[in-house]
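Residue-level structure breakdown
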Amino acid sequence: MDRHSRIVALLKVLLPLAALTLLSTVFLISRSDTPEATIPFARQEIEERMRGQQITAPFFAGTTAAGDEILVTADRVTPGRQDNPTNATKLEAILKLSQGGHMTMTSETGNFLPDQGEAHFTGMVTITTADGLLVETEELRTQLHEINATAPKDIRANGPFGTLSAGAMQIDSLSPQDTVYIVFKNGVKLVYDPSKPER
C-alpha cells in the first residue's frame, strides 16, 4: 500500500472520531449545572408548596335558578383549621345578572367553600357594580348557588348619589325572578352630592 492510500485510510478513521468528539462537546457545554435554571418556580414558592397542601387557581362557576351567572376564583387555597377549613388569597367573585348589569367582589383573603355553597371574603373587601357604586367593608359572606350576600360589619359606599355609611349590608332579591337589591342597614348615613349626575 502506497503512502497516499495509507493517508486516506487513516483519515477515514480519524475524521469520524473528530466529528464525534466535537458533537459530544457541544452537548456537554450546553448542559447546565444549575438546577434553578430548569425549575420555573422561585425558591420561596417551592418551600411553601413543600410545607403544606394547596390548590392553585381554584374556581367555581354556576348559574342560579333565575339565570344569573356566578364565577368565584382565587389565586391559592390552603387547608386551615377545623373552624376555618380553608384559607384563600386574592378571592374574586363576578356576578352577571340575568336582568342586565354585573357586580364584582374582591378581597385579599377569605374562605372558599364550594362543598358548602359559600365563599367568605375577609380583610379589605370591595364591591363594585355596573352603575358606578363602590362599597368597602371588612367581611362579606356570599352564597354560590343564588344571589345572596351579607356584610355584617361597617360599610362605606361611594356612588353617583354621593357617599354612604352603614352598619351592615344585604344583597338579595325578593324572589328568584326579581330584581337584585342592595339594602343598607343599621345607622345608615347618606351624604347626597347634587353635583354628581344621577343614573
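Criteria and cut-off values
- Residues numbered from 1 in each chain as written.
- Predicted model: local features only at pLDDT ≥ 70, side-chain atom pairs only at ≥ 80, totals over all residues.
- Heavy atoms only, no water.
- Helix = DSSP H or I, 4+ residues; strand = E, 2+ residues; numbered from the N terminus.
- Buried < 20%, exposed > 50% of the residue type's maximum accessible area, 1.4 Å probe, protein only.
- Contact = heavy atoms within 4.5 Å.
- Areas by Shrake-Rupley, 256 points an atom, 1.4 Å probe, with all protein chains shown as cover.
- Pairing = 2+ DSSP bridges.
- Core = buried A, V, L, I, M, F, W, Y, C linked by side-chain atoms within 4.5 Å.
- Patch = residues over 30% accessible without salt bridge, like charges linked within 9 Å, V, L, I, M, F, W, Y side chains within 5 Å.
- Salt bridge = Lys/Arg side-chain N within 4 Å of Asp/Glu carboxyl O.
- Polar contact = N/O pair within 3.5 Å; in protein donor to acceptor, adjacent residues only side chain to side chain.

**Brief notes about the overall build of the chain**
Secondary structure summary: the chain contains two helices and 14 strands in total. Expressed as a percentage of its 199 residues, the buried residues of the chain come to 29%. When contacts within the chain are restricted to residue pairs at least 6 apart in sequence, long-range pairs at least 24 apart make up 36% of them. Total accessible area on the chain is roughly 13100 Å²; 58% of this is exposed by carbon and sulfur atoms.

**Topic: unusual backbone geometry**
One non-glycine residue with positive phi stands out, namely Ala-57, at about 55°. Looking at the secondary structure, you find Ala-57 in the loop between strand 1 (55-56) and strand 2 (59-63). Backbone geometry places Lys-90, a non-glycine residue, at a positive phi of 50°. Position of Lys-90 among the secondary structure elements: in strand 5 (residues 86-96).

**Quick look at the environment of Ala-57**
Taking the C-alpha atoms as reference points, Ala-57 and Asp-75, separated by 18 residues in sequence, lie 4.7 Å from one another. Ignoring any residue separated from it by four or fewer positions in sequence, one finds Ala-57 in contact with Ala-74, Asp-75 and Arg-76.

**Some remarks on the pairing of strand 3 (residues 69-73)**
Of the two faces of strand 3, the one holding Ile-70 and Val-72 is buried and the one holding Glu-69, Leu-71 and Thr-73 is not buried anywhere. In sequence, strand 2 turns back onto strand 3 through a hairpin of five residues, with Gly-67 there showing a positive phi of about 95°. Where strand 3 and strand 5 come together, five bridges link them in antiparallel fashion. When the sheet's bridge partners are listed, Glu-69 is paired in strand 5 with Lys-96.

**Some details on the environment of Glu-108**
Tracing the backbone shows Glu-108 in strand 6 (residues 102-113). In this structure Glu-108 touches Ala-88, Thr-89, Lys-90, Thr-122 and Met-124, once residues within four positions along its chain are discounted.

**Concerning the nonpolar core**
One finds Val-72, Met-105, Leu-140, Met-169 and Phe-184 to be the most contacted residues of the largest nonpolar core, which totals 32 residues. Those residues in contact with Phe-184 that sit more than four places away from it in its chain are Leu-133, Val-135, Ile-155, Ala-157, Leu-164, Ala-166, Ala-168 and Met-169.

**A short note on a nonpolar patch on the surface**
There is a patch of nonpolar side chains on the surface, built from Leu-10, Val-13, Leu-14, Leu-17 and Leu-20 and spanning about 480 Å² of accessible area. Checked against the element boundaries, Leu-14 lands in helix 1 (residues 3-30).

**A closer look at the environment of Leu-71**
Inspection of the secondary structure assignment puts Leu-71 in strand 3. In the structure, Leu-71 is positioned 22 residues away from Ala-93 in sequence and 5.6 Å away in space, judged by C-alpha atoms.

**Looking at the pattern of salt bridges**
If you walk through the whole model with that rule in mind, you get four salt bridges. For Glu-136, the salt bridge goes to Arg-156, with nearest N and O atoms at 3.8 Å. Of this pair, Glu-136 sits in strand 8 (residues 134-143) while Arg-156 is found in strand 10 (residues 155-159), placing the two residues 20 residues apart along the sequence. Residue classification places Arg-156 among the partly exposed positions, given a relative accessible area of 37%. Bridged by salt links that share partners, the residues Glu-139, Arg-141 and Lys-153 form one connected network.

**Quick word on the side chain of Thr-104**
Mapped onto the secondary structure, Thr-104 falls in strand 6. Once residues within four sequence positions are removed from consideration, Thr-104 is found in contact with Glu-92, Ala-93, Ile-94, Thr-126, Ile-127 and Thr-128.

**Quick word on the side chain of Thr-137**
If you trace the backbone, Thr-137 turns up in strand 8. For Thr-137, the side chain forms a polar contact with the main-chain oxygen of Asp-154, separated by 2.9 Å. Ignoring any residue separated from it by four or fewer positions in sequence, one finds Thr-137 in contact with Gly-123, Met-124, Val-125, Ile-127, Ala-151, Lys-153, Asp-154, Ile-155 and Arg-156.

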